[in-house]
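Reading the structure
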Amino acid sequence: MGKFTSGLYNRLVIVIPYAWLLLFFLAPFFIVFRISVSTTAIAMPPYEPVFSFADGWAGLLSKLSELSFDNYTYLTDDPLYFNAYVSSVVIAAISTFLTLLIAYPIAYGMAQAPRGLRPTLVMLVILPFWTSFLIRVYAWIAILKPEGLFNQLLLSLHLIDTPLIILNTNTAVYIGIVYSYLPFMVLPLYSALEKMDGTLIEAAQDLGCPPITAFWRVTFPLSIPGVVAGCMLVFIPAVGEFVIPDLLGGSQTLMIGKTLWNEFNSNRDWPVSSAVATILLLILVIPIVFFQNVQAKAEERGK
């Protein structure tokens, strides 16, 4: 009986994650892909499905030969979508790099703090999550606008003569993304740095290694799994970000999230917007696979 229970438990441990992926990833992805190969129609919803399960398996198989990828071809004909994808990747990559530069010293300081103080520091990092994401982004509008708090501070310190134009620029988008996703970078880095054996640094210094060299030769290589995890947690959602570029970015800020929103709500072109979302998902698979490879290599080195 004990072996049966143990075997059942092991199967459940394996089945539950796959069931979760099937229900919340593969099923929605199939629905979006189904819409992407449909045709636009004046109806509600505004598309005409190419195939439907209501026709049964025979009708479904007969409709597969009629699938059209014209919506995907349309994306290659209009440079707007290509530019939106490239701009989104560039903005997300720069934002991820800036987030890493800011988060690493914070995580390192947390890992070096007294053990009794670390839970408090972790709580302070996740404290912004207690406030609505939308409210926090709106707060940056009041801070960055020409008559906002930031410009008023610089003017009062006589550092500038005229207010800086930050709102409705890519700079404001970078600020919003870095601020919003900073905890997602700090926590994986802290987890990796907190587990590091401090005697390794002491050994390196005893052998004559300067502190900076010891950091690059010992600390940073050991924290690479945390760096990769943090970068993925920031980069992947930043590529498809919509709220931050819509509120803080200007009309010239081109990101695929805004383009997708316009196609879906303004143009009411669900098939094209679904094709945009499908391509975006395929693009994001690349860093996910890279992250999995890095994690697998790290586990092999640990063994």
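Refer to the preceding data block for the structure.
The structure contained in this document is the topic of the report that follows.

Rules behind the numbers
- In this convention, every chain numbers its residues from 1, walking through the sequence in written order.
- The model is predicted, so local features are restricted to residues of pLDDT at least 70 and side-chain atom pairs to those at 80 or more, both for listing and for counting; the totals for chains, interfaces and linings are taken over all residues.
- Excluding hydrogens and water, the side-chain values take into account all heavy atoms of the structure.
- Secondary structure elements follow DSSP: runs of H or I no shorter than four residues count as helices, runs of E no shorter than two count as strands, and numbering proceeds from the N terminus.
- Residue burial is assigned from relative accessible area. The probe radius is 1.4 Å, only protein chains are included, and a residue is buried under 20% of its type maximum, exposed over 50%, and partly exposed in between.
- Contact definition: two residues touch when any of their heavy atoms are within 4.5 Å.
- For accessible areas, the Shrake-Rupley method is used with a probe of radius 1.4 Å. Any residue's cover is judged against the shown protein chains and nothing else.
- Any pair of nitrogen or oxygen atoms within 3.5 Å is treated as a polar contact; in protein, a donor-acceptor pairing is required on top of that, and neighbouring residues in sequence qualify only through side-chain atoms on both sides.
- Interaxial angles span 0 to 180 degrees and are taken between N-to-C directions of axes, which are lines fitted to C-alpha atoms, for helices over the stretch in contact.
- Throughout, the term roughly parallel applies to angles under 35 degrees, roughly antiparallel to angles over 145, roughly perpendicular to angles from 65 to 115, and oblique to all others.
- Charged residues are taken to be Asp, Glu, Lys and Arg, nonpolar residues to be Ala, Val, Leu, Ile, Met, Phe, Trp, Tyr, Cys and Pro, and polar residues to be all remaining types, Gly included.
- Ring pairs are drawn from Phe, Tyr and Trp, using the six-membered ring of Trp, whenever the two centres fall within 6.5 Å, and their geometry is named by plane angle: stacked under 30 degrees, edge-to-face over 60, tilted for the rest.
- Salt bridge, as used here, is a side-chain nitrogen of Lys or Arg placed within 4 Å of a carboxyl oxygen of Asp or Glu.

Details of the overall build of the protein
For the protein, the count of helices and strands is 14 helices and 2 strands. Looking at the protein residue by residue over its 303 residues, the buried ones come to 35%. Restricting to contacts in the protein with at least 6 residues of sequence separation, those with at least 24 account for 69%. Carbon and sulfur atoms make up 70% of the accessible area of the protein, which totals about 18200 Å².

Topic: the side chain of serine 180
When you line up the elements, serine 180 lands in helix α8 (residues 170-194). With a relative accessible area of 3%, serine 180 lands in the buried category. Looking at serine 180, its side chain comes within polar contact range of the main-chain oxygen of glycine 176, at 2.7 Å. Each residue touching serine 180, except ones within four places of it in the same chain, is listed here: Phe133, Arg136, Val137 and Ile244.

Observations concerning the environment of leucine 127
In this fold, leucine 127 is placed in the loop between α5 (118-126) and α6 (133-144). A relative accessible area of 35% means that leucine 127 is categorised as partly exposed. Between the C-alpha atom of leucine 127 and that of proline 183, which follows or precedes it by 56 residues, the distance is 9.2 Å.

Some details on unusual backbone geometry
Its identity as a non-glycine residue notwithstanding, histidine 158 has a phi of 60 degrees, on the positive side. Topologically, histidine 158 is positioned in the loop between α7 (149-156) and α8. When its relative accessible area of 69% is taken as the criterion, histidine 158 is described as exposed.

Regarding the packing of α6 against α7
Viewed as axis vectors pointing N to C, α6 and α7 meet at an angle of 30 degrees, and their least axial separation amounts to 4 Å. Taken together, the axis directions place α6 and α7 in an arrangement best described as roughly parallel. On α7, the residues touching Ala142, Ile143 and Leu144 of α6 are Leu149, Phe150 and Asn151. For the contact of α6 with α7, the per-class residue count stands at 5 nonpolar, 1 polar and no charged.

Section: the packing of aromatic side chains
Summed over the entire model, instances satisfying the criterion amount to 14 aromatic pairs. Ring centres of tyrosine 108 and phenylalanine 215 lie 6.3 Å apart, and the angle between their planes is 85 degrees; this geometry places the pair in the edge-to-face category. Of this pair, tyrosine 108 sits in helix α4 (residues 79-112) while phenylalanine 215 sits in helix α10 (residues 211-222); the two residues are 107 residues apart in sequence, bridging distant segments of the chain. We classify phenylalanine 215 as partly exposed; its relative accessible area is 22%. Members of the aromatic cluster, connected to one another through ring pairs, are Tyr104, Tyr108, Phe215, Trp216 and Phe220.

Remarks on the pattern of salt bridges
Within this structure, the stated rule accounts for 2 salt bridges. The partner of arginine 115 in a salt bridge is glutamate 194, with the nearest N and O atoms 3.3 Å apart. Taken as a pair, arginine 115 in the loop between α4 and α5 and glutamate 194 in helix α8 lie far apart in primary sequence, 79 residues in all. Of the residues examined, arginine 115 reaches a relative accessible area of 59% and is grouped as exposed.

As for the environment of phenylalanine 290
Mapped onto the elements of the fold, phenylalanine 290 is located in helix α14 (residues 270-302). Of the residues examined, phenylalanine 290 reaches a relative accessible area of 47% and is grouped as partly exposed. Taking C-alpha positions, phenylalanine 290 is 9.2 Å from valine 228, a pair spaced 62 residues apart along the chain.

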